[in-house]
Amino acid sequence: MRFDELATPCYVVDEGLIQRNLSILQGVTERTGARVLLAQKAFSMYALYPMIGMYLCGATASGLYEARLGAEEMVRPLELRGKRCENHVFSPAYRQEDFAEILKYCDHIVFNSWRQVEKFAADAKAAGRSVGLRVNPECSTQEGHAIYDPCAPGSRMGVTREEFAAGLFEGEGEGSPFALLDGLHFHTLCEQDSDDLEKTLDAVEEKFGAYLSAMKWINFGGGHHITRQGYDMPRLERCIKRMQDKYGLTVYLEPGEAVALNAGFLAASVLEVRPTAASGTGSLPYGLQTVILDTSAACHMPDVLEMPYRPPLQGSGQPGEKAYTYRLGGPTCLAGDVIGDYSFDMPLQEGDRLVFEDMAIYSMVKNNTFNGMPLPAIALKRKSGECEIIREFGYGDFKGRL
Ligand SMILES: *Cc1c(COP(=O)(O)O)cnc(C)c1O
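Residues numbered from 1 in each chain as written. Predicted model: local features only at pLDDT ≥ 70, side-chain atom pairs only at ≥ 80, totals over all residues. Heavy atoms only, no water.

Focus: the overall build of the protein chain
We count it as follows: Secondary structure elements follow DSSP: runs of H or I no shorter than four residues count as helices, runs of E no shorter than two count as strands, and numbering proceeds from the N terminus. Here the radius of gyration uses the C-alpha set of atoms, whereas the globule reference equals 2.2 Å times the residue count to the power 0.38. Relative accessible area decides the class of each residue, using a 1.4 Å probe on protein chains only: under 20% of the type maximum gives buried, over 50% gives exposed, and in between gives partly exposed. Only the protein chains shown count as cover for residues, and the accessible areas themselves come from Shrake-Rupley with a 1.4 Å probe. A positive count includes Lys and Arg, and a negative count includes Asp and Glu. His and the chain ends are not counted in either. Charge positions come from single atoms, namely NZ of Lys, CZ of Arg, CG of Asp or CD of Glu.
The secondary structure content of the protein chain amounts to twelve helices and 16 strands. Rg of the C-alpha trace for the protein chain: 23 Å, near the compact-globule value of 21 Å for 402 residues, within the 12% margin. Referenced to the eigenvectors of the C-alpha coordinate spread, the extents of the protein chain come out at roughly 75 × 45 × 45 Å. In the protein chain, which comprises 402 residues, the share counted as buried stands at 56%. Accessible surface for the protein chain amounts to roughly 17,600 Å². Of this, 49% is attributable to carbon and sulfur atoms. The distance from the centre of the 40 positive side-chain charges to the centre of the 54 negative ones in the protein chain is 3 Å.

Structure representation (structure tokens):
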């Protein structure tokens, strides 16, 4: 099937574009020895895990289900091809009843507090797993996206220097919580460049440097926009080398976005174009009409409302830039289910196809069936240009969750 023949709405992930990102990430490993993992929470299209596992060193999970998915769909298939992939997990708090299964799937278990270390780490060590503690370097480097800032005041993510030191009251000797640690983990970035990583690393060293030589590894978390045009790669590699040379650490990176950045689309169709100006828009310097699509911001691209951001749309301009401007909305009953205002050279008509870009990440992992909205199908565009439907959804997927 060709791209234009896919029924809408449909997420289409481009194999060649994913591969391009993977090659860039693999380059980091080849040049520095740093180990790069897929953060599944951004992109869990497991049909591609066997390919991803050929380029990266494994996967990381936010809990039991992602850990199991990584084990089943990346670690096992790659094992059959003779390549060993690692499976990591971090959770703000593990459930007692899940932990034995987590131990079965994961090589690295990262904890969020001393209490969690005390509760679970001895079992993890007994099972031969590597144990880490997430730290909070209290170094905010992002403006605007407060909900994505784990260093914001009151954050529940990671252990501050003060908490870290308080946890050493039982000493650093054998059997103490500290002695159970193999590594430290931090995750403080979101869509950022390596200058912010460097600043964060300075804070990590200042606050936790005294403990680093006792560790085997350090995990730089995700949020590294490594595959974005213009990313400062040499600075990233200097950061990695610094931890390797100074403390003898193995360095892990666990990007999510960077793996599938700009590698997917959401194809949609116009259901209706209202002939009159949208209400209350008369004072705008351009006409603005309402368009209803067969895709929803709230259901199919929730980050558009949550983050929020305006997704790129092929062939469109800013409002008023091109001759015809429309407010594109979804078919749910939420008044704010609006993707954004976009302009076009030609008037839109019922049945026209629109293609939103950068829709591989944080889209299919976060979508929902609010209002009984159907879920978009998931398709893979092969390098030949041929499109293959990977999954389709129906009424049963809506009903089955309720
Ligand atoms: C979200 C997250 C990631 C991935 O972040 P991206 O911004 O998608 O690169 C990695 N590690 C942890 C612990 C996370 O919470």
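Digging into the packing of aromatic side chains
Filter applied, for reference: The aromatic pairing rule takes the rings of Phe, Tyr and Trp, using the six-membered ring of Trp, and pairs them if the centres are within 6.5 Å, calling planes under 30 degrees apart stacked, those over 60 edge-to-face and the rest tilted.
Summed over the entire model, instances satisfying the criterion amount to 17 aromatic pairs. Taking the centre distance of 6.2 Å and the plane angle of 85 degrees together, the rings of F3 and F265 count as edge-to-face. Of the two residues, F3 sits in the segment before strand 1 (10-14) while F265 sits in strand 10 (residues 264-277), which places them 262 residues apart along the sequence. The same class applies to F3 as to F265, namely buried.

Describing helix 1 (residues 15-32)
Quick reminder of the rule: The span expected for a helix works out to 1.5 Å for each residue beyond the first. Each polar contact in these results corresponds to two N or O atoms within 3.5 Å; when the atoms are within protein, one needs to be able to donate a hydrogen and the other to accept it, and residues that are neighboring in sequence are counted only if both atoms are side-chain atoms.
With 18 residues, helix 1 extends 26 Å from end C-alpha to end C-alpha; this agrees with the ideal 26 Å at 1.5 Å per step. Three or more residues of helix 1 are buried, namely E15, I18, Q19, N21, L22, L25, G27, V28, T29 and T32. With a side-chain oxygen positioned 3.0 Å from the backbone nitrogen of G16, the residue opening helix 1 is D14. Among the residues trailing helix 1, G33 stands out with phi positive, at a value near 85 degrees.

Overview of the environment of L271
Residue position: L271 is located in strand 10. Classification of L271 as partly exposed rests on a relative accessible area of 45%. Between the C-alpha atom of L271 and that of G330, which follows or precedes it by 59 residues, the distance is 9.5 Å.

Some points on unusual backbone geometry
With an omega of -5 degrees, the peptide bond running from T8 to P9 counts as cis. Here the phi dihedral of N262 falls at roughly 55 degrees; this positive angle occurs in a residue that is not glycine. Inspection of the secondary structure puts N262 in the loop between helix 9 (257-260) and strand 10. You can call N262 partly exposed: its relative accessible area is 47%. A positive phi is found at N371, a non-glycine position, where the angle reads about 70 degrees. In this structure, N371 sits in the loop between strand 14 (353-357) and strand 15 (377-381).

Here we look at the site of the ligand
Stated formally: One heavy atom within 4 Å of a molecule or strand makes the whole residue count as near it. Each cavity reported here is a set of points on a 1 Å grid over the protein atoms alone in which a 1.4 Å probe fits but cannot get out, each pocket an open set with protein on both sides within 12 Å along at least five of seven lines, and each lining residue one with an atom within 4 Å of a point. In this scheme, a molecule is assigned to a cavity or pocket if more than half of its atoms are within 2 Å of the grid points. Under the grouping applied here, Gly and all other residues not named as nonpolar or charged are polar, the nonpolar ones being Ala, Val, Leu, Ile, Met, Phe, Trp, Tyr, Cys and Pro and the charged ones Asp, Glu, Lys and Arg.
Contacts to the ligand come from 13 residues, most closely from K41, G223, E254, G256 and Y362. Taking E257, its main chain carries an N or O atom lying 2.9 Å from an oxygen atom of the ligand. Starting from 380 Å² of accessible surface for the ligand in isolation, the protein chains cover 89%. More than half of the atoms of the ligand fall within 2 Å of the grid points belonging to the largest pocket. Each residue belonging to the shell around the ligand can be placed in one class, and the counts come to four nonpolar, five polar and four charged.

Describing the state of the cysteines
To keep it simple, the criterion reads: Disulfide: a pair of cysteine sulfur atoms within 2.5 Å of each other.
In this structure the tally under the stated criterion is zero disulfides. Unpaired in terms of disulfides, C57 finds its nearest cysteine sulfur in C85, a separation of 7.6 Å. For C57, a relative accessible area of 7% gives the class buried. Here C151 stays unpaired: no disulfide links it, and the sulfur of C139, its closest cysteine neighbor, is 6.3 Å away. Under the relative-accessibility criterion, C151 is labelled buried at 9%.

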